[in-house]
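Letter by letter, the chains look like this.
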Amino acid sequence: MEIDLSQVTTGPFTLYTIETGRFRLDGGAMFGVVPKTLWARQVEADDKNRIPMAMRSLLVHSEQTGKLYLIDNGIGTKFDEKYEAIYQVDHQHSNLLGSLSHHGFAPRDITDIIFTHLHFDHCGGTTFYDEQGVLQHTFPRARYHVTTSHWETARHPNAREKASFFDDNIKPIQESGRLTLVEDGHIYEEGLSSLVVNGHTLGQQLPVIKANQQTVVFAADLLPTASHVPLPWIMGYDMRPLRTLEEKEDILNRAAAEGWFFFMEHDSRNEVIQVDKKNEKFTARTGLTLDDLAD
């Protein structure tokens, strides 16, 4: 693994970029009703119409409480060869344990995992199969945080969303004894809270870090890439696209007005973006990293 991993201290929080690997998803599904003639100008698809996607997590260390929060943890290593080929999972580019080690941490150091939601590419790293084929928890001390509404969705998904939830991801969380269900707007501690959106899936929480007069929002699947900043550019994967449209407009208005930074989970080229608004249209300011949050 030979990639640069940024970090920054802002107020009482130190933020670390955790790259957990790369994968590919269908470009048509990623851009919904947007024609390929338009989205292909933004990102190149392979011969199977798949586009490159990051699986980028954020590690947050709090000086106030001593807690070490990990936001999402990627696709994990439980896929068989068939599924790895379908999604072209690449852990040579980067991996969860390697990124943690790069910053001087081990899995047992993680005290809390905040799941934006439980689709397989966001929570698969929670567990792994050992050499005996027994499912083990990657983070033996961590508490798991999921919104109440999303937990119900994951346990009783509709037919369209069911394929995104895997039993070997969900059941270990349920049976761990370390699951905490949180409500909308939950405050983890002073300066770290969550903003809940419901268009992509019910109860997706976007962690929000406010410190040093800066706001950092973990974008998750509200804004999977910088190309999704224009309002109509909404994934075909979203359960309630019109709800996404409303949520995006509200959040992007606030972000443009207040200079928020978005930490990008899936954008393979952009770690951090900001948003500008001109003539009622939103555009992304790209090419940023956590380093750009430094004083």
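Here is a short report on the structure shown in this document.

Rules and cut-offs
Residues numbered from 1 in each chain as written. Predicted model: local features only at pLDDT ≥ 70, side-chain atom pairs only at ≥ 80, totals over all residues. Heavy atoms only, no water. Pairing = 2+ DSSP bridges. Helix = DSSP H or I, 4+ residues; strand = E, 2+ residues; numbered from the N terminus. Axes fitted to C-alpha atoms, helices over the stretch in contact; angles between N-to-C directions. Contact = heavy atoms within 4.5 Å. Buried < 20%, exposed > 50% of the residue type's maximum accessible area, 1.4 Å probe, protein only. Salt bridge = Lys/Arg side-chain N within 4 Å of Asp/Glu carboxyl O.

**Things to note about the sheet that holds strand 9 (residues 179-182)**
The strands making up a sheet are joined through hydrogen bonds of the backbone, oriented either antiparallel or parallel. An order of 1-2-3-4-5-8-9 is seen for the seven strands of this open sheet, with the pairing classed as mixed. At either end of the open sheet lies a strand with only one pairing partner, and these are strand 1 (7-10) and strand 9. Strand-to-strand twist across the sheet, computed as the mean angle between neighbouring axes with direction ignored, equals 25°.

**Things to note about the sheet that holds strand 10 (residues 187-189)**
The strand order 10-11-12-13-14-15-16 describes an open sheet built from seven strands, whose pairing is mixed. Every other strand in the sheet has two partners, leaving strand 10 and strand 16 (281-288) as the edge strands with one partner each. Each strand of the sheet is rotated relative to its neighbour by a mean of 30°, with strand direction disregarded. Where strand 15 (residues 272-278) lies against strand 16, six bridges are found, and the strand directions are antiparallel. The residue of strand 16 that forms the bridge with valine 275 is alanine 284. Its contacts with the sheet place helix 8 (residues 241-258) against strand 11 (192-197), strand 14 (261-263), strand 15 and strand 16, and it is angled at close to 95° to strand 15.

**Describing unusual backbone geometry**
Here the phi dihedral of glutamine 213 falls at roughly 60°; this positive angle occurs in a residue that is not glycine. Structurally, glutamine 213 can be placed in the loop between strand 12 (204-211) and strand 13 (214-218). By relative accessible area, which is 87% here, glutamine 213 ends up exposed. The phi angle at alanine 220 is positive, at roughly 45°, despite the residue not being glycine. By the secondary structure assignment, alanine 220 is in the loop between strand 13 and helix 8.

**Quick look at the pattern of salt bridges**
All told, the structure shown has nine salt bridges when counted by the stated rule. Put simply, glutamate 19 and arginine 22 hold a salt bridge, and the shortest N to O gap is 2.9 Å. Like glutamate 19, the residue arginine 22 is buried in the burial classification. Among the salt bridges present, the one from aspartate 46 reaches arginine 24, with a minimum N-O distance of 3.9 Å. Separated by 22 residues along the polypeptide, aspartate 46 in the loop between helix 2 (36-39) and strand 3 (50-62) and arginine 24 in strand 2 (residues 13-26) bring together distant segments of the chain. In this pair, the class of aspartate 46 matches that of arginine 24, namely buried. Among the charged side chains, a salt-bridge network with shared partners connects Glu19, Arg22 and Arg56.

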